[in-house]
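Chain residues, written in single-letter form:
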Amino acid sequence: MKNTSLCYIESNGQYLMLHRTKKKNDENAGKWIGVGGKFEEGESPEECMLREVYEETGLTLNSWRFRGIVTFSYSSWETEYMHLFTADSFSGEVQECSEGELKWIKKDDVLSLPIWDGDRVFLNLLKTDVPFFSLKLRYDDNGELQKVLLDGTEIEF
């Protein structure tokens, strides 16, 4: 099992998105995602998120919200628990990222990008300002979304 944090940084109706194009053997290759990564030993979700945001973007977050926990379940891969954040205040300048291209994208345009189907589900939850949630996304080994549970109840996707 692995723990990760992911953050969608907001500014002027846009999210700072990462187009994953540079990392070798990247499960997210070609996809657009928020900024984040794996926990280091002893880190809390917030510490991981703050460190990853700084490492990948050069930004220091001043204000953020813990929005939910997303459980990624796969047929034959390790389960992942992703701690999902949004941030609306930061300092610093966006720097080049070693994992891909960082770009500000209008929130309304994000769903038209190549993203995971499960990301569409939680991005819509963020858009409608759903309070803290637990989301389970069940994928098959081909990366196809099979089942979605929101707060323990199956929903259509």
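What you see is a predicted model; the values in this text were computed from it and never measured. (Residues numbered from 1 in each chain as written. Predicted model: local features only at pLDDT ≥ 70, side-chain atom pairs only at ≥ 80, totals over all residues. Heavy atoms only, no water.)

Q: Just checking my understanding: could you explain the nonpolar core for this structure?
A: One broad trend across soluble globular proteins is that nonpolar side chains are buried collectively. The biggest cluster of nonpolar side chains holds 26 residues, and the ones touching the most others in it are Y8, V70, L84, F122, F133, L135 and L137. Mapped by element, the contributors of at least two residues to this core are β1 (2-11), β2 (14-20), β5 (60-74), β6 (80-91), α3 (117-127), β8 (133-139) and β9 (145-150). Here the element with the most residues in this core is α3; it accounts for five residues. Look past the residues within four positions of V70 in its chain and what remains in contact with it is E80, Y81, M82, L84, F122, F133, L135 and L137. Listed in part, the 13 residues of the second largest apolar core include C7, L18, F85 and L102. (Core = buried A, V, L, I, M, F, W, Y, C linked by side-chain atoms within 4.5 Å. Buried < 20%, exposed > 50% of the residue type's maximum accessible area, 1.4 Å probe, protein only. Helix = DSSP H or I, 4+ residues; strand = E, 2+ residues; numbered from the N terminus. Contact = heavy atoms within 4.5 Å.)

Q: Is there a simple way to explain the pattern of salt bridges in this structure?
A: Taken as a whole and judged by the stated rule, the model has twelve salt bridges. Residue E10 pairs with K107 through a salt bridge whose shortest N-O separation is 2.6 Å. Of this pair, E10 sits in strand β1 while K107 sits in helix α2 (residues 107-110), and the two are 97 residues apart along the sequence. Taking relative accessible area as the criterion, K107 reaches 32% and is therefore assigned partly exposed. Across the pair E99 and R20 runs a salt bridge, and its minimum N-O distance is 3.6 Å. (Salt bridge = Lys/Arg side-chain N within 4 Å of Asp/Glu carboxyl O.)

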